[in-house]
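Residues per chain are reported as follows:
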Amino acid sequence: MSSTPSLSPRARLLLWLVLAFCAFAGALWWWLLGRPVALPDAPSARIACVSYAPFREPGETPYDLKAFISPERIDADLRALSQRFDCVRTYSQGQGLSAVPEIAGRYGMKVIMGIWLGRDPVANAKQVELGIAEAKAHPDVLRGVVVGNEVLLRGEQSPQALAEYARQVRAAIPKSVPVTYADVWEFWLRYPQMAKSVDYLTIHILPYWEDEPVPPEHAVRHVAEVYQQVKSAFPGREVMIGETGWPSAGKPRRAARASVVNEARYLREFLDYAGSVAMPYNVIEAFDQPWKRAQEGTTGGFWGIYDVHARPKFAMQGPVVEEPRWWLGWLAGGAGALLFVLAGALRREWRGTVGWGVLLLAGFATGTALAWQYRQMLYACRDLLEWALSWAGCAGGLVTAIVLARWLAARIGGVASTVLPGGWLRFAWLFLLALEGLLLVFDGRYRDFPLGLALLPCVGYGLAGWLSGWTQTAGLRVEERCLAILVPLLAAAVVAQDIGLNPVTWLWLGLNLAIAVPVLIGWRRIGLQANQP
């Protein structure tokens with residue numbers, strides 16, 4: 001190890017400013033998560049109707065044809081839901097759901113009963129048969145029968161075939177029970193002939209999922225405009241909003257951010273609007289549905305007003321808190337600071353006390369960042385494999401942060417190697433960032449940003465690269481340079497996909513630049529030195 005000149009006062013100031021900013025930002029982010037946010041109150045805690053699916057235990061999914069939900073579980077669910085909801089909407093028959101109308105009637109609830117239609121004509125025929133039998137058995141409980149849900153959106157049946165299914169059900173059930181079909185609002189405008197085969201129209205308006213996502217502050221206004229547009233397109237016909245809501249977790253889409261606060265805001269404002277126009281509606285959904293994460297990413301599993309344990313996420317009056325256990329982020333920061341100090345004590349490479357300060361700040365920032373990543377893992381990880389990969393990533397990030405923090409502590413302490421540590425580590429992180437960038441660009445609709453994890457190598461190597469004089473790592477120069485070009489280009493493409501409206505994409509771009517720029521500058525300096533006579 002060779003001795004190097006002490007850092008200049010300017011370099012020292014930059015190092016302290018960056019580390020202090022990262023530690024402060026981590027503490028502030030967690031503190032803000034725990035602050036109560038004032039929101040307008042809903043006119044009432046009671047809601048007209050809510051989508052109900054009981055598949056919330058680990059491994060449960062409606063796609064498992066052998067799955068069966070016991071009447072006892074449905075009874076417990078509907079007994080609890082009857083305290084706040086007048087009606088529930090189901091989506092399919094079988095798997096125990098045939099018990100819903102009878103049990104709902106016990107608690108004075110109505111049911112919008114669903115018949116699921118897909119590509120399989122045999123399965124469709126069975127669904128229709130079961131739905132007709134239930135409608136005949138419990139006509140007084142049913143507020144309507146939904147023959148098919150978003151079938152046109154999925155492209156699984158033609159409008160003509162759907163209309164025939166609707167007419168078949170209409171002819172077989174009591175006239176007192178109306179028949180409808182449910183789909184995203186654009187598809188009613190695209191296939192207006194569907195209106196002739198139903199008693200009323202059921203449209204889905206989900207501002208978060210629009211092709212041009214709507215931010216929460218404009219979401220209810222968007223719903224009102226769309227509702228009036230559909231009403232105008234079908235004069236004299238009753239139109240019901242069959243699905244509307246907001247997710248509490250998942251990837252931001254442009255300026256539409258999934259959060260508990262935004263879900264509470266949207267529902268409160270929507271209920272106020274729905275009451276002002278006496279509009280029939282159904283909110284999606286009663287409980288979080290973990291199985292949806294396989295189809296729709298993290299976001300798909302978190303549309304519930306209640307979580308998977310049937311606990312309400314927020315009240316309909318008063319302030320709302322995003323993360324009640326925000327102090328755990330600070331606790332993780334403290335644990336990180338202690339761990340870094342202990343790691344720095346092993347084979348200490350500097351003199352004086354300044355190195356300890358570097359380790360404390362870097363450790364606290366690392367702890368808060370990993371706590372952020374762990375919070376995301378709680379929402380996103382679906383199985384043991386995903387948990388194992390996520391934990392492996394966090395372990396790699398922690399090791400990288402400790403290695404870089406020790407180097408920074410030695411560098412500011414006046415004794416450091418001129419060679420940037422962990423050449424293979426930097427190459428590995430560039431490779432992983434490039435892989436994640438490719439996935440975000442070409443398959444990013446449902447993919448989360450691993451920001452808490454990416455902060456560790458990106459900020460660490462960006463700072464270390466500057467303080468080392470843009471040193472290149474030995475043995476991997478060509479590979480690193482190629483990845484350093486690719487990584488920020490992919491990140492810039494992600495920003496462009498959200499047309500610059502998603503702040504998360506800009507942070508992602510900044511992190512990718514932080515780790516890539518030192519490689520590119522070092523490459524340029526080597527080239528300039530080689531050209532000197």
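Keep in mind that what you see is a predicted model, and the values were worked out from it rather than measured.

Chemist: Tell me about the packing of helix α12 (residues 354-380) against helix α15 (residues 451-467), residues and numbers included.
Modeler: It is the contact of α12 with α15, at a shortest axis distance of 7 Å, that shows an interaxial angle of 150 degrees. Taken together, α12 and α15 sit at an angle that is classed as roughly antiparallel. The residues of α15 that touch α12, namely those facing Thr 366, Ala 369, Leu 370, Trp 372 and Gln 373, are Leu 451, Gly 452, Leu 453, Leu 455 and Leu 456. Partitioned by chemical class, the residues of the contact of α12 with α15 number seven nonpolar, three polar and no charged.

Chemist: Requested: an account of the environment of Arg 481, with residues and values cited.
Modeler: Here Arg 481 lies in helix α16 (residues 477-497). With relative accessibility at 15%, the residue Arg 481 sits in the buried group. Sequence separation of Arg 481 and Trp 523 is 42 residues, and the distance between their C-alpha atoms is 7.4 Å.

Chemist: Please set out the pattern of salt bridges residue by residue, giving values where relevant.
Modeler: Where charged atoms of side chains with opposite charge meet at close range, the side chains can pair. Evaluated as defined, the whole model comprises 21 salt bridges. Close ionic contact of Arg 79 with Asp 75 constitutes a salt bridge, the shortest N to O distance being 2.6 Å. One end of the pair, Arg 79, and the other, Asp 75, are both in helix α2 (residues 71-81), four residues apart, so they sit about a helical turn from each other. On the basis of relative accessibility, which here comes to 41%, the residue Arg 79 falls in the partly exposed class. A residue is classified by how much of its surface remains accessible, and Asp 75, at 14% relative accessible area, is buried. The salt bridge involving Lys 292 is made with Glu 285; its shortest N-O contact spans 3.2 Å. A relative accessible area of 14% places Lys 292 in the buried class. Each of Asp 75, Arg 79, Glu 102 and Arg 106 takes part in one network of salt bridges that share partners.

Chemist: Residue-level account of the nonpolar core, with values.
Modeler: Of all hydrophobic cores here, the largest spans 91 residues; its most connected members are Leu 78, Leu 81, Val 145 and Phe 270. Broken down by element, this core gets its largest block of residues, nine residues, from helix α9 (residues 260-277). Filtering out sequence-adjacent residues up to four positions away, Leu 78 remains in contact with Tyr 52, Val 88, Val 100, Ile 103, Ala 104, Tyr 107 and Met 109. In terms of nonpolar packing, the next biggest core, distinct from the first, is built from 55 residues, Ala 434, Cys 458, Ala 491 and Ile 515 among them.

Chemist: Can you break down empty space enclosed by the protein residue by residue, with the values?
Modeler: For the structure shown, the criterion picks out one cavity of 30 Å³ or more. By volume, the largest cavity amounts to about 40 Å³. Forming the boundary of the largest cavity are Thr 90, Ser 92, Gln 93, Leu 97, Ser 98, Val 100, Pro 101, Val 111, Met 113 and Glu 134. Sorting the residues of the lining of the largest cavity by element identifies α3 (100-106) and β3 (110-115) as the ones contributing at least two each. For the lining of the largest cavity, the residue count by class is five nonpolar, four polar and one charged.

Chemist: Could you give an account of the sheet that holds strand β6 (residues 200-204), with specific residues and numbers?
Modeler: Reading across from one edge, β1-β2-β3-β4-β5-β6-β7 is the order of the seven strands in this open sheet, with parallel pairing throughout. Two strands in the sheet have a free side with no partner beyond their single neighbour: β1 (50-51) and β7 (239-243). Pairing geometry for β6 and β7, over four bridges, is parallel. The partner of Thr 202 across the bridge, within β7, is Met 240. Packed onto the sheet, helix α8 (residues 216-233) meets β6 and β7 and runs at close to 135 degrees relative to β7.

Chemist: Which residues make up the side chain of Glu 243, and what values go with them?
Modeler: Relative to the elements of secondary structure, Glu 243 occurs in strand β7. It is Arg 89 that comes nearest to the buried, bridge-free Glu 243 among opposite-charge side chains, at 4.1 Å. Side chain to side chain, Glu 243 and His 204 meet in a polar contact 3.4 Å long. Not counting residues within four places of it along the chain, the set of residues in contact with Glu 243 comprises Ser 51, Arg 89, Tyr 91, Asn 149, Glu 150, Ile 203, His 204, Ile 205, Leu 206, Asn 282 and Ile 284.

Chemist: Residue-level account of the packing of aromatic side chains, with values.
Modeler: Here a ring pair, both rings aromatic, is described through the centre-centre distance and the interplanar angle of the planes. Scanning the entire structure with this criterion turns up 24 aromatic pairs. Ring geometry for Trp 29 and Trp 372: centres 4.9 Å apart, planes at 35 degrees, overall tilted. Note that Trp 29 is positioned in helix α1 (residues 9-33) and Trp 372 in helix α12, a separation of 343 residues in sequence. Here Trp 387 and Trp 391 contribute two aromatic rings whose centre-to-centre distance is 6.3 Å and whose plane-to-plane angle is 25 degrees, an arrangement assigned as stacked. Highlighted residues: Trp 387 and Trp 391, both in helix α13 (residues 384-412), separated by four residues, approximately one helical turn. Given the relative accessible area of 23%, Trp 387 is considered partly exposed. Looking at Trp 391, the relative accessible area reads 46%, which means it is partly exposed. One aromatic cluster in this structure is built from Tyr 208, Trp 209, Trp 246, Tyr 266, Phe 270, Tyr 273, Tyr 281, Trp 303 and Tyr 446. Over the ring of Phe 187 we find Arg 190, and its NZ or CZ is 4.4 Å from the ring centre.

Cut-offs used in this document
- Residues numbered from 1 in each chain as written.
- Predicted model: local features only at pLDDT ≥ 70, side-chain atom pairs only at ≥ 80, totals over all residues.
- Heavy atoms only, no water.
- Axes fitted to C-alpha atoms, helices over the stretch in contact; angles between N-to-C directions.
- Helix = DSSP H or I, 4+ residues; strand = E, 2+ residues; numbered from the N terminus.
- Parallel < 35°, antiparallel > 145°, perpendicular 65-115°, else oblique.
- Contact = heavy atoms within 4.5 Å.
- Nonpolar A, V, L, I, M, F, W, Y, C, P; charged D, E, K, R; others polar.
- Buried < 20%, exposed > 50% of the residue type's maximum accessible area, 1.4 Å probe, protein only.
- Salt bridge = Lys/Arg side-chain N within 4 Å of Asp/Glu carboxyl O.
- Core = buried A, V, L, I, M, F, W, Y, C linked by side-chain atoms within 4.5 Å.
- 1 Å grid on protein atoms, 1.4 Å probe; cavity = no way out; pocket = protein on both sides within 12 Å on 5 of 7 lines; lining within 4 Å.
- Points joined across faces, edges and corners; volume = space filled by probe spheres on them.
- Pairing = 2+ DSSP bridges.
- Lys, Arg positive; Asp, Glu negative; His and termini not counted.
- Polar contact = N/O pair within 3.5 Å; in protein donor to acceptor, adjacent residues only side chain to side chain.
- Phe/Tyr/Trp six-rings, centres within 6.5 Å; stacked < 30°, edge-to-face > 60°.
- Lys NZ or Arg CZ within 6 Å of the ring centre and 35° of its normal.

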